[in-house]
Amino acid sequence: MSYLELRDVTKIYGEGATEVHALTRIDLSVEAGSLVAVMGASGSGKSTLLTIAGSLEDPTAGEVYVGGRALSSLSRNGKARLRRQTIGYVFQDFNLLAGLSALENVSLPLELDGVSARKAQGAAMESLEGFGLKERASHYPDQLSGGERQRVAIARAVVGGRQLLLADEPSGALDSTNAESVMRLILEACRRGMAAVVVTHDAQLASWADRVVFLRDGRIVDQTLPAESPDTFLADLPQS
Amino acid sequence: MSVRHALLALLSEGPKYGLQLRQEFEARTGDVWPLNVGQVYTTLQRLERDGLVEAEDSSEEGPQKGFHITDEGAAELAEWLRTPPDFSSPPRDELVIKVLVALGLPGVDVREVIQVHRRYLIVLMQQWTHLKEDESRFDLNFALVVDAEVFRLDSLVRWLDTAEGRLKRAAAGVAAPAPQPFPLPKARRKVGGPR
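Because the structure is a prediction, the values reported are computed rather than measured.

**Brief notes about the overall build of chain B**
Along its length, chain B carries seven helices and three strands. For chain B, the sequential pattern of α-helices and β-strands runs α-β-α-α-β-β-α-α-α-α. Per element, the accessible surface of chain B, about 12,000 Å² overall, is 56% carbon and sulfur.

**Let's talk about the overall build of chain A**
A count of helical and extended segments in chain A gives eight helices and 10 strands. The globule rule puts the C-alpha radius of gyration for 240 residues at 18 Å, and the 18 Å found for chain A is close to it. Once the C-alpha set of chain A is aligned to its principal axes, its extents read approximately 60 × 50 × 35 Å. Looking at chain A residue by residue over its 240 residues, the buried ones come to 50%. For chain A, the proportion of contacts with a sequence separation of at least 24, taken over those separated by at least 6, is 68%. Per element, the accessible surface of chain A, about 10,900 Å² overall, is 49% carbon and sulfur. Averaging the coordinates of the 24 positive side-chain charges in chain A and doing the same for the 30 negative ones gives two points 7 Å apart.

**Quick look at the interface of chain A and chain B**
Listed per partner, the contact involves 31 residues of chain A and 33 residues of chain B. A buried area of about 2,800 Å², summed over both sides, lies between chain A and chain B, and 53% of it is on carbon and sulfur atoms. Taken together, the connections running from chain A to chain B amount to six salt bridges. A salt bridge links A:Asp222 to B:Arg119; its shortest N-O distance comes to 2.8 Å. The tally of links between chain A and chain B comes to 16 residue pairs in polar contact (both at pLDDT 80 or more). For the side of chain A that touches chain B, the secondary-structure elements that each account for two or more residues are helix H6 (176-191), helix H7 (203-206), strand E9 (211-216), strand E10 (219-223) and helix H8 (230-236) of chain A. For the side of chain A that touches chain B, the element with the highest residue contribution is H6(A), accounting for five residues. Along the lines of polarity and charge, the residues of the side of chain A that touches chain B split into 13 nonpolar, eight polar and 10 charged.

**Remarks on the confidence of the model for chain B**
All names here are of chain B. Looking at chain B as a whole, its pLDDT mean stands at 84, while 84% of the residues score no less than 70. Under a pLDDT of 50 for its full length, residues 190-195 has, in the predicted model, six contacts with residues more than four places off or in other chains. Per the prediction output, this complex has pTM 0.83; the corresponding ipTM is 0.88.

**Focus on the packing of helix H1 (residues 3-11) of chain B against helix H4 (residues 71-81) of chain B**
Residues and elements named next belong to chain B. Contact geometry of H1 with H4 gives a least axis separation of 10 Å together with a crossing angle of 120°. Judged on the interaxial angle alone, H4 and H1 are oblique. Where H1 crosses over H4, the handedness of that crossing is left-handed. Along the contact surface, H1 presents His-5, Leu-8 and Ala-9, while H4 presents Gly-73, Glu-76, Leu-77 and Trp-80. Residues belonging to the contact of H1 with H4 are distributed by class as follows: four nonpolar, two polar and one charged.

**Thoughts on helix H5 (residues 94-104) of chain B**
Residues and elements named next belong to chain B. Three or more residues of H5 are buried, namely Leu-95, Val-99, Leu-100 and Ala-102. Projection of H5 onto a plane perpendicular to its axis shows the buried side chains occupying an angular sector of 160°, all on one side. Of the surrounding secondary structure, the elements contacted by the buried residues of H5 are helix H6 (110-133) and helix H7 (140-171). Capping the start of H5, Asp-93 holds a side-chain oxygen 2.8 Å from the backbone nitrogen of Leu-95, two or three residues further along.

**Focus on the nonpolar core**
Residues and elements named next belong to chain A. Within the largest apolar cluster, 67 residues are counted, with the highest numbers of intra-cluster contacts made by Leu-35, Leu-128, Leu-165 and Ile-186. Beyond its immediate stretch of four places on either side in the chain, Leu-165 contacts Gly-88, Val-90, Ala-157, Val-158, Ile-186, Met-194, Ala-195, Ala-196 and Val-197. Leu-4, Ile-26, Leu-49 and Leu-164 belong to the second-largest nonpolar core, a separate cluster that totals 27 residues.

**Notes on a negative patch on the surface**
Judged by side-chain charge, B:Glu48, B:Glu54, B:Asp57, B:Asp71 and B:Glu72 come together as a negatively charged surface patch. Of note, B:Glu72 is situated in helix H4.

**Some thoughts on the sheet that holds strand E3 (residues 35-39) of chain A**
Residue and element names in this part refer to chain A. With mixed pairing, the six strands of this open sheet are ordered in space as E6-E7-E8-E3-E9-E10. One side of each edge strand has no neighbouring strand; the edge strands of this open sheet are strand E6 (87-90) and E10. Going across the sheet, the axis of each strand differs from the next one's by a mean of 20°, ignoring polarity. Taken together, the five bridges between E3 and strand E8 (residues 195-200) define a ladder with parallel strand orientation. By the bridge assignment, Val-36 is partnered in E8 with Val-197. Against the sheet, helix H5 (residues 146-158) contacts E6 and strand E7 (164-168), and its axis sits at roughly 165° relative to E6.

**Brief notes about the packing of aromatic side chains**
In this structure the tally under the stated criterion is one aromatic pair over all chains. Measuring from centroid to centroid gives 6.0 Å for A:Tyr89 and A:Phe91, while their planes differ by 10°, and the two rings are stacked.

**A closer look at the sheet that holds strand E2 (residues 20-31) of chain A**
Residues and elements named next belong to chain A. In spatial order, the strands read E2-E1-E4-E5; together these four strands make up an open sheet with antiparallel pairing. The open sheet terminates on both sides in strands that have one partner only, identified here as E2 and strand E5 (69-70). Helix H1 (residues 46-53) contacts strand E1 (2-13), E2 and strand E4 (61-66) of the sheet and is inclined by roughly 125° relative to E1.

**Some points on helix H2 (residues 76-86) of chain A**
The set of residues buried in H2(A) consists of A:Gly78, A:Lys79, A:Ala80, A:Leu82 and A:Thr86. Where H2(A) is buried, its residues contact E1, E4, E5, E6 and E7 of chain A.

The rules behind the values
Residues numbered from 1 in each chain as written. Chains lettered and ligands numbered in written order. Predicted model: local features only at pLDDT ≥ 70, side-chain atom pairs only at ≥ 80, totals over all residues. Heavy atoms only, no water. Helix = DSSP H or I, 4+ residues; strand = E, 2+ residues; numbered from the N terminus. Areas by Shrake-Rupley, 256 points an atom, 1.4 Å probe, with all protein chains shown as cover. Rg over C-alpha atoms; globule rule 2.2 N^0.38 Å. Buried < 20%, exposed > 50% of the residue type's maximum accessible area, 1.4 Å probe, protein only. Contact = heavy atoms within 4.5 Å. Lys, Arg positive; Asp, Glu negative; His and termini not counted. Charge placed at Lys NZ, Arg CZ, Asp CG, Glu CD. Buried area = accessible area lost by both parts, 1.4 Å probe. Salt bridge = Lys/Arg side-chain N within 4 Å of Asp/Glu carboxyl O. Polar contact = N/O pair within 3.5 Å; in protein donor to acceptor, adjacent residues only side chain to side chain. Nonpolar A, V, L, I, M, F, W, Y, C, P; charged D, E, K, R; others polar. pLDDT = per-residue confidence, 0-100. Axes fitted to C-alpha atoms, helices over the stretch in contact; angles between N-to-C directions. Parallel < 35°, antiparallel > 145°, perpendicular 65-115°, else oblique. Left-handed = near helix turned anticlockwise from the far one by under 90°. Arc of directions from axis to C-beta. Core = buried A, V, L, I, M, F, W, Y, C linked by side-chain atoms within 4.5 Å. Patch = residues over 30% accessible without salt bridge, like charges linked within 9 Å, V, L, I, M, F, W, Y side chains within 5 Å. Pairing = 2+ DSSP bridges. Phe/Tyr/Trp six-rings, centres within 6.5 Å; stacked < 30°, edge-to-face > 60°.

Dropping the structure here:
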């Protein structure tokens, strides 16, 4: 079953002569357990798609369903609660709060949601451990390497059993080895049952996805089918 | 891929026989480049003729026949390792040619042509990348082979992305030369340093 579904979503900014069609009639379904990459050039509408999928902005037309719930049926507070409880975001520049330790950064979304500090910190520590960051829990963002900061950001995005992960150019300025680790962690979160959408212009990041959707001028113009199994691919390679 | 030098490299570790060379070659290239056993024997015969390997005195004929590397073979291997492959002249790239041809044809949507190729390349990249997901077979050799292939395909996707960006700017009237019909390079220009 689709955990995230965009149905006939259009987003228009401005009006009249200054009208800009950021997204036009987008249909997109993301199953629980799968990773979908949305690929497109700058200005193709990728980031708008992600903010609408994550309920940070409303579409001009069409409907977004998260976990079966239509976002248009939720109040402002209802959407905020949905974001806190079910959606994790990973941004290009990590967006960690500089004055908080790694542990506090990860536990914050749970505490904002009313979970007791003790329970929230327990869940945050578990999430950090899962990403090999137990020893770095008390460090502040400026004491962490770029790769570690992004792992903290992913730990924060999946903490407390969130079910939808939305990532905008999640490898930021990381080198290719660290970028690969980021995608590996996102894919692992999917294999544990999360639905994930990664928007990127980078083909190497996109190639970690189960399905790649191509966006151009605000429209989905093409997509790949789910990848065949690695064994079939290896067996089909031409013999030298 | 030079099978000749790969076999010399394997023999530089110590004497080996044909079947063993084939198995080790495949294992070290992550089973990505399967090698035909006939190719191993033909190559060994040529290496022997050129004085780069010698048959072991004591070994039998057939699949158990052992070989060792000679001093000339070791020198050849060292020289080969340090000789850069020829990247000085651009290859006649079929993908580039197709996009250039599409540019000059009336009624052809070049962006659609670009997307067909982009999707194909991304599907291949997905297949290579998903091989990395199973870490049980992800040893160093295999990782390097897969990385090389992913980077090669990625460079083609980047070229397509750049081509599409240039087309968009050209269509919007940003100063750019109008495309010539069939602007295929007539003569290959030498670039890069001396070889």
